[in-house]
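Chains, contacts and geometry: an overview
Each chain is listed here by its residues.
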Amino acid sequence: MDTTSPPRRGKKKRKTHTTRAYRKCEQEVESLLRETKYEDGSGLELELEARSLRFFHGADDTTVEEQETSVNETTQDEKEEAEGDDEPATESNDSPGQTYIEIELQDPPLVWPGLHKQVHYYDDSLLYTPANAVHFQLHLGDCHPRPAQIRMLNRFQEQAKGDASKLNSDLVAELCEDSASQFVMDNRLYRTISDREFPGIFLAPAAIGQFEGIPTRRCLTLTFKQLRFSTHPLLLHEHRLAQQLDDLFNQYTENRSRQICQKLKDELDLARQVASKLLTAARPELTAEIRHQLRLTQKLRQRYYAEATDERKLSLRLLRDWAKLKALRGEQNFQCTRFQLKLRVCHLESSHSEWNQQFEDDLAEVYREQLELFYCRRRQWGEAMVEGQSLAKPPRKPSFEKLMASLKKDYERAFRHPEEPYVDIVRLYADEATTKLFLPASEQLAKRRNRSYFLRLYLDDLYVGQTRSYRLEEDLHLYMNESFGVLLERKLPQNINIWLYEKSTLTQQGRRLAVLRSKLDLSRKEKAVPLKLSFQAFPSSPLMAGDVCLYYDYAPMEVRQGVNDLDDIQALPNALLRTLIPPRLPAAAAVAADTEPATPIGPCHRRKKNKAPVLMFTEQQLQFCPISTLLSNKRFQLLRSRHLQRNLHTKQLRFVPALEQELSDEGEALSNTGDSSQLLEPGTFWNPIDLHKHRGYKFLKLLYEVIGNQSARRAKAQQSAHPLLFLAEGFDLSLGTGWTSLWRAFCSLFQGGSNAMIREPAAWQPQAEHDQFQQYVVSLHVVRATGVPVRSRHLINLEELPNSGPDSLFVTQTLMYSNVRPFVSLSYGQRLSRSRTAEGSNPTWNEELQLQLSGHHKDMREDLKISLFDELIEQQASDEASDVYQRVQCNWLGEYRVPICSLLASGKFEGCIELAMPKVLIGYRRPLIDSVTNLPSDQYPEFKESVHLWFYLSIEPNRCDLPPLPTNALACAETVELQAYLNERRMELQQLLPQPQRFVEPLVCTALGKRVCVTRLLEQVPLPGAVATSKSALETACRFVALLCQLRSYDPCLGFRGVWLDNQTLLDSTWCSVKDQGVLLCNFMLGLGLECWLVLGQACPHGECSFVLYRQPETAELLFVAPASGRHYQLQDVHCPLRRVYCLVDKQNMYFNIQSEARVSMTHFNLQDAACWFPLFNRQQSAPQGGVQVLDYAYKRSYELSQLQKNIERKIMKKISGWRTTRKTSWNRAFQPQLQKILGDMEAQATYSRGRYEEIPYNEQLERDNPNYKLYGFTLNFSYTNLAAVSDRIRSTCIHYNNNPLVEFCVAVQLKAYANDVISVWVFLLSAVPLA
Amino acid sequence: MAEVHIIGQILKAVDFDEPHLYCTWTLQSGSAWRLIQGELHGQTHVSANRLESCSDFAAPLDIHLSCAAIQGWPTLLVEVHAVNVLQQSWPVGYGFAHIPATPGAHRLEINTWKVAPNGWWQSLRERFGGGGASLSKTDLLFSGVERYKLQTRSSGKIIADLNLIFRKFEEYGVEFN
């Protein structure tokens, strides 16, 4: 051991010991190396091992120690680096071996050295403790329930929560009463245990589509045939006789049908033949059998005689009674029963000889039997005599004559005499006409006629139904012939109860007379089981009794093959048995097959067969099947994905078949989309455009959330863990902890606290979650408006007036401008408040509208709408002259949308806004300046092209405490020097700024979660293909940007301190905030080669947002572009929505506005003027550029639009029909081509008109074309987000509130797609009332 | 592609010295086995019984496994932890059992052991509720390679009731009688 170890190692006592095997290997390698390369080295041996040791275990002992310390340091450094410092690590690692993983030569301990102990947390969240306070909001005001009641309420509330249902209000009311009872009735049914045992049933497996459920239904048909009274006050002697006869006849027919005699006779003949055969054979061993057979014959004969006697007696009695009845009927000369018999007498010749033959046979047999008996007795007697017992007499031999006489007597009783004619008895069912039933006048006719009865049927005390009431016939029968079909589900009735009622003339109910009970035996298979039930009337009623004949029939509901009965257990069919029960041991079978031909086949063959794959684990060899089949098994996949609850399709799957082959094709489709846990699959029912928009929205929300969380987390981490070098107050934590920062810290110490930077308000507070709803009050003070459109039809009528002299100018003027009665409404969601109506096209309201909203600020996503309506009052004279009806209709003229999130963020908006008017407004026209006055139009600033509204909009509580996103905690991509520079400049700037809120942080957060300088955002990005090639690329680019979807949510990420998207994120998702639109537009303009700046400021409906300032190449005039609408404004335009300018950004620099003038129209835009603009970068420090935007972004083509267009049209029609609940909605398609044509031009109009006022000629054209319609309609244009947004837009126009019964609607939709599914939707809605 | 259903419960822990116990369990199986449905890990509630040394857990098990080979037959590993008044917990028992290889109802009694304290000071501390010695590698529970290094004390028993259903093993020549 020591011989091989180098001397150095012995000295230094290394901690690392090499094992023997290792050294052996090492020696071999070394010897090989020596042989090949180094022939000379004798001292090389030591060196080599040392080298290898150095390689694997680090350099030296000393370096190992160093390394350990440095590792600690580097890990610290790494941590700090991760926290945003891009300063390189101060110590560099010199040895390459340090980068390898160190091999641990000492095993870690199996057991922890100390005692292990950890805190165990009890989680009480699942416990429910009853409290005496109500857990939920109870809107009952003044009532004060007792503690017990409150606990009860809480308990029901919890139960309702468990069911995900709502607490029943009745229950609440009941529980809150002062005199509430102690118990509450629950009418829910709870399952209990049945004592009946159900046998299992087997159904052959079928595809799910064909499976119709377990056949649990049966149909029970009960047919009431007749009811007969056997005891009744009206019963006469004839009735009794007839009923007796009836019974007798029934018995007779039954006997006849059973043919007992015939059967017995056949059996007797058979027995006789057997006996005679046995006798002829006469073998001694057969004596016992012969005796047995003879005894059988005797018994059969006796039975035959008895039965025949009975039958004959019955028929004789029948005949006698019938004769009696006939005699009675003749006597009393009236007939009150229907019973009729017919006798058919026939003489049979051959019967005599047959009779004789039979008689002789029987006689011989009887005689033989008697003889046998006699012999037997004599033998017994003889034996008795031998034994000495004296019996009285020896038995006598039977006399033949006596026997013959007795047999003859039997024959007479049992059989018809050969001379006697054969009588066939047939019952006659005579019809009503031939048998006239009448009764003597002495009977109470009137009474009888009233008597009618009905039956009620109960199955197991469950009422089924009642028969019609039947009149009692003269023969005391009720002939009903009525049947009930009862559908039984799952349970068979045990008993049948029938109540007999006498119908009374007074009440509906009737008098209950009797009850008939019987057990129903439904297990019998035969059809039409007859049932005869007799009854006895209750003692309270007159004496009555009788019986009811009924049949019941019991059949399965559906005729199904194989399954006849619920309780029938079928054996497994053979074919199924084969498939269900696995085959016995395929392996064994294979072995058996192998062994059989083993002998003839030579060894060479076997070798071929046994050739196994070259490399195989024994594990694999022993496997049943490869694991991949396990993973690809569809059934397992289904079960697994259902278990994981991630897939939408399999989540709710109730039924997974137990056999793989039962998986249907649907299952296949499911498992294809299977385990990929996507949020949404591109299913067939999702329009791809909808899907794109939805995904984009989700993506952006997720991005904001992630960045928000990340920054919050980092801010918190910074707050808690102060770095070592945190020396100065106000020192920015993100500046890192290198030597430079130490120096900076010293500097800031010596500079003193006076001009120390004000620390960001950021110190991120763990905010309390505001889960509760908040109440908001939105108040709108609407002052006045100008340029409201006027109704055009009235105008036309006016022009047709005969006297249009100069004096009528005033009349025209006033009429023209007062024929519109506008009012303003403020609405949010379904809530609305409106102003009074004013007159004329320049109305003044000076009114305050208020709207109460409630909700969590995160849920408020919709737009606050300020809409302008015209109230149209039509006088309607009804037929009576005194009544005059007024029909009020409100026509939508335009609206202004304020995103509620920006209102929440800014608190208030005020000033003059321009309403968004529809491009085409049928039925209205703009007020013409020329017709009012001769003065040139520019002297009337208010007669502008658009409708302006002066307003003051505010929300209370003003600014809900949404903390700004602490983005300054995020990692910064700029160099430390630049950051320091920016900080210094900021301190300079903050002394110059007239308003502190004008400061915009130059380091902004990108979509990657890093902070970069804002100048990096501006780059020449490629334009969409269609935009770049169009003839006026600038307008098209503006239009494209304006059509991107704006994200509406109250999120700090939307502001300047939030997230700035790059062009790829933005264009892929097509969702963005308004400031991102500005950045994109600015980049597009840079791409077009224009000189432009990004303006960061505050605008009216969007709050913090960005505009673009550019210099028109022809006129060198500076213009603003609003990215959200794509409109251009002059610098001096007072109606420009931009309210404040904070700073201007271009690629090279960032200029802060340090003018004291706040108004935009008065601001100087000479950027070289140092008194007005403060440049952030100068010659020493140039602005960083580029790196954020994706310069080779490839645009995608939009999806097919036709389906979407149809969808939108259908949705609008469906929605309008739905909103007009009470009235009929008729759609007029005649206008549609015209409207489509108008819409076709609209997109170009909107793109190129630059928002200038042009009276579009369609208005009048459409009216001229349809003179017999009163038309009102407008176009709507918006970018497509989803169908719900479309219907929301339509709804806010209230076009569906048209009360005229004759009104017809027409809708036309046109879509224009730009790249990346940016779609402009044009909707034309028209309501036409035909003029009488 | 044979399937195994393991249905049952971890019934109770008996004969432990400590009154308040909970048990964490894991079902471990080889690479040829796949979980289809059910939970492979779990922890029971803390159960206490001061009269008898028996803590009832009745923690349900319902696991559906599929397997491609017999190798790696599933084992049930249990760790019993004690909790004291200060809500500190430490392990007081390790144990494992193979799932029985016949279908039907089975009652498993898993004998557990715990690591012996290292020296009298530790044992004194342990005696007064200062924690317990524990394994640093939990794979010792089922691998026997390094067990010889351990010094343990025997501890109580975990009783588990299992119902086993095997399916399609016949197709591969495995039969149960």
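Residues numbered from 1 in each chain as written. Chains lettered and ligands numbered in written order. Predicted model: local features only at pLDDT ≥ 70, side-chain atom pairs only at ≥ 80, totals over all residues. Heavy atoms only, no water.

Before going further, it helps to spend a moment on the overall build of chain A. Secondary structure assignment for chain A yields 35 helices and 39 strands. Taken over 1332 residues, chain A has a buried fraction of 42%. In chain A, the proportion of contacts linking residues at least 24 apart, taken out of those at least 6 apart, comes to 72%. When the accessible area of chain A is evaluated, it comes to approximately 77500 Å², of which 53% is carbon and sulfur surface. (Helix = DSSP H or I, 4+ residues; strand = E, 2+ residues; numbered from the N terminus. Buried < 20%, exposed > 50% of the residue type's maximum accessible area, 1.4 Å probe, protein only. Contact = heavy atoms within 4.5 Å. Areas by Shrake-Rupley, 256 points an atom, 1.4 Å probe, with all protein chains shown as cover.)

Another point: the overall build of chain B. Looking only at helices and strands, chain B has one helix and ten strands in total. Listing the helices and strands of chain B from first to last along the sequence gives β-β-β-β-β-β-β-β-β-α-β. Residues counted as buried form 53% of the 177 residues belonging to chain B. A sequence separation of at least 24 residues applies to 76% of the contacts in chain B between residues at least 6 apart. As presented, chain B carries roughly 8100 Å² of accessible surface, and 51% of it is formed by carbon and sulfur atoms.

Across the contact, 52 residues belong to chain B and 40 residues belong to chain A. Around 4000 Å² of area is buried between chain B and chain A when both sides are counted, 60% of it from carbon and sulfur atoms. Where chain B meets chain A, there are one salt bridge. Between E3 of chain B and R635 of chain A there is a salt bridge; the shortest N-O distance is 2.7 Å. Counting every contact that joins chain B to chain A gives six residue pairs in polar contact (both at pLDDT 80 or more). Of all the secondary-structure elements, those providing two or more residues to the side of chain B that touches chain A are β1 (2-14), β3 (33-37), β6 (54-67), β8 (88-98) and α1 (120-127) of chain B. A breakdown of the residues in the side of chain B that touches chain A according to their chemical character gives 22 nonpolar, 17 polar and 13 charged. (Buried area = accessible area lost by both parts, 1.4 Å probe. Salt bridge = Lys/Arg side-chain N within 4 Å of Asp/Glu carboxyl O. Polar contact = N/O pair within 3.5 Å; in protein donor to acceptor, adjacent residues only side chain to side chain. Nonpolar A, V, L, I, M, F, W, Y, C, P; charged D, E, K, R; others polar.)

Glancing now at the packing of helix α9 (residues 287-332) of chain A against helix α11 (residues 400-414) of chain A. Residues and elements named next belong to chain A. With their axes 7 Å apart at the nearest point, α9 and α11 run at an angle of 45° to one another. The angle between α9 and α11 places the two elements in the oblique class. Of the residues in α11, those touching α9 at Y305, A308, T309 and R312 are L407, D410, Y411, E412, R413 and A414. Tallied by class, the residues present in the contact of α9 with α11 amount to five nonpolar, one polar and four charged. (Axes fitted to C-alpha atoms, helices over the stretch in contact; angles between N-to-C directions. Parallel < 35°, antiparallel > 145°, perpendicular 65-115°, else oblique.)

Here the focus is the nonpolar core. Residues and elements named next belong to chain A. Core analysis: the biggest nonpolar cluster contains 78 residues, and F1084, M1085, L1094 and F1152 have the highest contact counts within it. Tallying contributions element by element places helix α31 (residues 1074-1087) first for this core, with seven residues. L849, L853, I900 and Y1050 belong to the second-largest nonpolar core, a separate cluster that totals 70 residues. (Core = buried A, V, L, I, M, F, W, Y, C linked by side-chain atoms within 4.5 Å.)

Residue and element names in this part refer to chain A. Taken in spatial order, the seven strands make up an open sheet running β32-β31-β30-β29-β33-β34-β35, and their pairing is antiparallel. This sheet does not close on itself; its edge strands, each paired only once, are β32 (1127-1130) and β35 (1173-1175). Pairs of neighbouring strands in the sheet enclose a mean axial angle of 35°, with direction left out of account. Helix α27 (residues 976-992) rests against β34 (1150-1153) and β35 of the sheet, and its axis sits at about 175° to β35. (Pairing = 2+ DSSP bridges.)

In this model, chain A carries an average pLDDT of 75, and 73% of its residues clear a pLDDT of 70 or more. A low-confidence stretch, residues 585-613 of chain A stays under pLDDT 50, and its non-local contacts, those more than four residues away or across chains, total seven contacts. (pLDDT = per-residue confidence, 0-100.)

What follows deals with a positive patch on the surface. Together, R291, R295, K299 and R379 of chain A make up a positively charged patch on the protein surface. Examined against the element boundaries, R379 of chain A turns out to sit in helix α10 (residues 351-387). (Patch = residues over 30% accessible without salt bridge, like charges linked within 9 Å, V, L, I, M, F, W, Y side chains within 5 Å. Lys, Arg positive; Asp, Glu negative; His and termini not counted. Charge placed at Lys NZ, Arg CZ, Asp CG, Glu CD.)

How two aromatic rings sit relative to each other is given by the distance of their centres and the angle of their planes. Throughout the structure, instances matching the rule amount to 38 aromatic pairs over all chains. An angle of 90° between the planes, with centres 5.9 Å apart, marks the rings of F624 of chain A and F169 of chain B as edge-to-face. With F624 of chain A in the loop between α16 (618-621) and α17 (627-632) and F169 of chain B in the segment after β10 (152-167), this pair bridges two chains. We note that F624 of chain A, like F169 of chain B, is buried. When the ring of W120 of chain B is compared with that of W121 of chain B, the centres are 6.1 Å apart and the planes differ by 75°; the resulting orientation is edge-to-face. Per residue, the accessibility class of W120 of chain B equals that of W121 of chain B, and both read exposed. Here the aromatic residues F624 of chain A together with W33, W73, F166, F169, Y172 and F176 of chain B are joined through ring pairs into a cluster of three or more. Here the basic side chain of R155 of chain A rests over the ring of F156 of chain A, its NZ or CZ set 4.8 Å away from the ring centre. Lying across the ring of Y1314 of chain A, K1312 of chain A places its NZ or CZ 4.9 Å from the centre. (Phe/Tyr/Trp six-rings, centres within 6.5 Å; stacked < 30°, edge-to-face > 60°. Lys NZ or Arg CZ within 6 Å of the ring centre and 35° of its normal.)

Let us now look at the environment of L1044 of chain A. Residues and elements named next belong to chain A. Structurally, L1044 can be placed in the loop between α29 (1033-1042) and β26 (1045-1046). Judged by its relative accessible area of 2%, L1044 falls in the buried class. Considering only alpha carbons, one finds L1044 and S1069, 25 residues apart in sequence, at a separation of 9.5 Å. Ignoring any residue separated from it by four or fewer positions in sequence, one finds L1044 in contact with L1066, T1070, C1072, Q1077, L1080, S1279 and V1318.

In the predicted model, chain B carries a mean pLDDT of 89, and the fraction of residues at 70 or more is 100%. Overall fold confidence for the complex sits at a pTM of 0.47, while the interface term, ipTM, reaches 0.78.

Before going further, it helps to examine the side chain of D547 of chain A. All names here are of chain A. By the element assignment, D547 lies in strand β12 (residues 545-556). The class for D547 is buried, based on a relative accessible area of 12%. Excluding residues within four positions of it along the chain, D547 makes contact with Q226, L227, R228, K532, L533, S534 and F535.

Another point: the sheet that holds strand β38 (residues 1304-1313) of chain A. Residues and elements named next belong to chain A. Taken together, five strands build an open sheet; the order of strands is β21-β37-β39-β38-β36 and the sheet is mixed. Of all strands in the sheet, those with a lone pairing partner are β21 (921-922) and β36 (1226-1227), marking the two edges. Two elements, β21 and strand β37 (residues 1269-1279), share two bridges in a ladder whose sense is antiparallel. Within β37, the residue paired with L921 across the bridge is F1274.

Right, let's get into the side chain of R985 of chain A. Of note, R985 of chain A is situated in helix α27. Those residues in contact with R985 of chain A that lie beyond four places of it in its chain are F1174, P1175, L1176 and N1178 of chain A.

What follows concerns the pattern of salt bridges. Residue and element names in this part refer to chain A. For the structure shown, the criterion picks out 36 salt bridges over all chains. Ionic pairing is found between E365 and R301, a salt bridge with its closest N-O pair at 2.5 Å. Here the residue E365 occupies a position in helix α10, and R301 occupies one in helix α9, the gap between them amounting to 64 residues. An identical accessibility class is assigned to E365 and R301; each is buried. The partner of K908 in a salt bridge is E910, with the nearest N and O atoms 3.6 Å apart. By relative accessible area, which is 40% here, K908 ends up partly exposed. Through salt bridges with shared partners, a single ionic network connects R272, R301, D362, E365 and E369.

Leave glycine aside and you will find that most residues have negative phi; peptide bonds, for their part, are mostly trans. Residues and elements named next belong to chain A. Unlike most non-glycine residues, N481 shows phi in positive territory, near 50°. Unlike most non-glycine residues, D1317 shows phi in positive territory, near 60°. When you line up the elements, D1317 lands in the loop between β38 and β39 (1319-1330). For D1317, a relative accessible area of 2% corresponds to the buried category.

Right, let's talk about a nonpolar patch on the surface for a bit. On the surface, a nonpolar cluster with roughly 560 Å² of combined accessible area is contributed by W120, W121, L124 and F128 of chain B. L124 of chain B gets classed as partly exposed once you look at its relative accessible area, which sits at 37%.

Next up on the list: the pairing of strand β29 (residues 1091-1099) of chain A. All names here are of chain A. Counting buried positions along β29 yields seven of nine residues, so the element is predominantly enclosed. Of the strand pairs in this sheet, β29 and strand β30 (residues 1103-1111) are connected by nine bridges, and their pairing is antiparallel. Paired with W1093 across the two strands is L1109, which belongs to β30. Counting the residues in the hairpin turn of β29 and β30 gives three residues. Sheet topology places β29 next to strand β33 (residues 1138-1145); six bridges connect them, and they run antiparallel. Residue pairing across strands places G1097 opposite V1141, the latter belonging to β33.

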